[in-house]
Amino acid sequence: LTLQSWVSPTTYYLTSLLLILLATFVAAHYFQSKGLNPFWSLVWSLGFGTQITLLNGLPDAAADALLIIALVSLLQRQRLLYAIAVTFAALSREVYVLVPAVIAMVEFLSIVRARMGQVSLWQLLQAGLRQSTWHLPAILAVVGWQIYLRLKFGVLPSADASNVLGLPFVATYQYLIM
């Protein structure tokens, strides 16, 4: 977007800050529309973790902001905005691909439960796929990104790429058992 081959620290920081402010506003507006105190959105945005990751240039706060925007968009039935925001959130933190995957699975199972015995298996699959359409871009983007990384760096990642190419939650598991 900036017509540069790299992102300057200023652009990176300001983009993260803008996403946090936008997510705070979106959450506050949503809370207010539900009769809740909009200042509850400040609990996240002014929280220690959000501020530390923002000030240290980590992607966590921006990814959280994108996830907040995505979830509020989904709750308000703004599916295109949801699909875009959850895709960027999942690309920022791959573990966030679990959010659309779990939601798609729950929606599919609710369709199966509601229509089981009334329609054919093919019709159930079609209905489930239609319902899951807005979740698929995030899932496909993360799968595509992982395939790209593996093709670029090879099947056996180097020590530098092991955190990027490794299986999810391996570091968490190793940390917990030590």
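This one's a predicted model, so the numbers in the text were calculated from it and none came from an experiment.

As a further point, take the overall build of the protein chain. Per the secondary structure count, the protein chain includes 10 helices and 0 strands. The N-to-C order of helical and strand elements in the protein chain reads α-α-α-α-α-α-α-α-α-α. The proportion of buried residues among the 178 residues of the protein chain is 29%. Looking at the protein chain alone, contacts between residues at least 24 apart form 55% of all its contacts between residues at least 6 apart. Total accessible area on the protein chain stands at roughly 12,300 Å², and carbon and sulfur atoms take up 70% of it.

A separate point is helix α4 (residues 60–75). Because the α-helix completes a turn every 3.6 residues, residues three or four places apart line up on one side. An ideal rise of 1.5 Å per residue puts 22 Å on 16 residues; α4 measures up with 22 Å between its terminal C-alpha atoms. Residues A61, A62, A63, D64, A65, L66, L67, I69, A70, V72 and S73 constitute the buried set of α4. Those residues of α4 that are buried are in contact with α1 (9–33), α2 (41–45), α3 (48–55), α5 (79–92) and α6 (98–115). Positioned one or two residues after α4, R77 has a phi angle of 60°, which is positive.

Moving on to the environment of L42. With respect to the element layout, L42 can be found in helix α2. Expressed as a C-alpha distance, the spacing of L42 and T24, which sit 18 residues apart in the sequence, is 6.7 Å. Excluding residues that lie within four positions of it along the chain, L42 makes contacts with T24 and G47.

So, on to the side chain of S16. Looking at where S16 falls in the secondary structure, it is placed in helix α1. By relative accessible area, which is 7% here, S16 ends up buried. Once residues within four sequence positions are removed from consideration, S16 is found in contact with L54 and A62.

Another aspect to go through is a nonpolar patch on the surface. On the surface, L80, I84, F88, L91, W134, W145 and Y148 cluster together to form a nonpolar patch covering roughly 680 Å² of accessible area. In terms of residue count, α5 provides more of the nonpolar patch than any other element does, 4 residues in total. Positionally, Y148 belongs in helix α8 (residues 136–153). Owing to a relative accessible area of 43%, Y148 belongs among the partly exposed residues under this scheme.

With respect to the helices and strands, A23 occurs in helix α1. Classification of A23 as buried rests on a relative accessible area of 0%. Considering only alpha carbons, one finds A23 and I68, 45 residues apart in sequence, at a separation of 6.1 Å. Setting aside its immediate chain neighbours within four residues, A23 contacts W44, A65, I68 and I69.

For the rest of this paragraph, the subject is the confidence of the model for the protein chain. Per-residue confidence for the protein chain gives a mean pLDDT of 85, with 89% of residues at or over 70. Of all helices and strands in the protein chain, the one with the weakest mean pLDDT is helix α9 (residues 162–165) (56), whereas α4 scores best (95).

Let us look at α6. Between the first and last C-alpha of α6 there are 25 Å, a value that for 18 residues agrees with the 26 Å anticipated at 1.5 Å per step. Where α6 is buried, its residues meet α5, α7 (121–132) and α8. Just downstream of α6 lies G117, where phi reads positive at about 85°.

A word on the side chain of S73. Among the structural elements, S73 can be located in helix α4. Setting aside residues up to four positions removed in sequence, S73 forms contacts with Q78, L81 and Y82.

Cut-offs and rules
Residues numbered from 1 in each chain as written. Predicted model: local features only at pLDDT ≥ 70, side-chain atom pairs only at ≥ 80, totals over all residues. Heavy atoms only, no water. Helix = DSSP H or I, 4+ residues; strand = E, 2+ residues; numbered from the N terminus. Buried < 20%, exposed > 50% of the residue type's maximum accessible area, 1.4 Å probe, protein only. Contact = heavy atoms within 4.5 Å. Areas by Shrake-Rupley, 256 points an atom, 1.4 Å probe, with all protein chains shown as cover. Expected span 1.5 Å × (residues − 1). Patch = residues over 30% accessible without salt bridge, like charges linked within 9 Å, V, L, I, M, F, W, Y side chains within 5 Å. Salt bridge = Lys/Arg side-chain N within 4 Å of Asp/Glu carboxyl O. pLDDT = per-residue confidence, 0-100.

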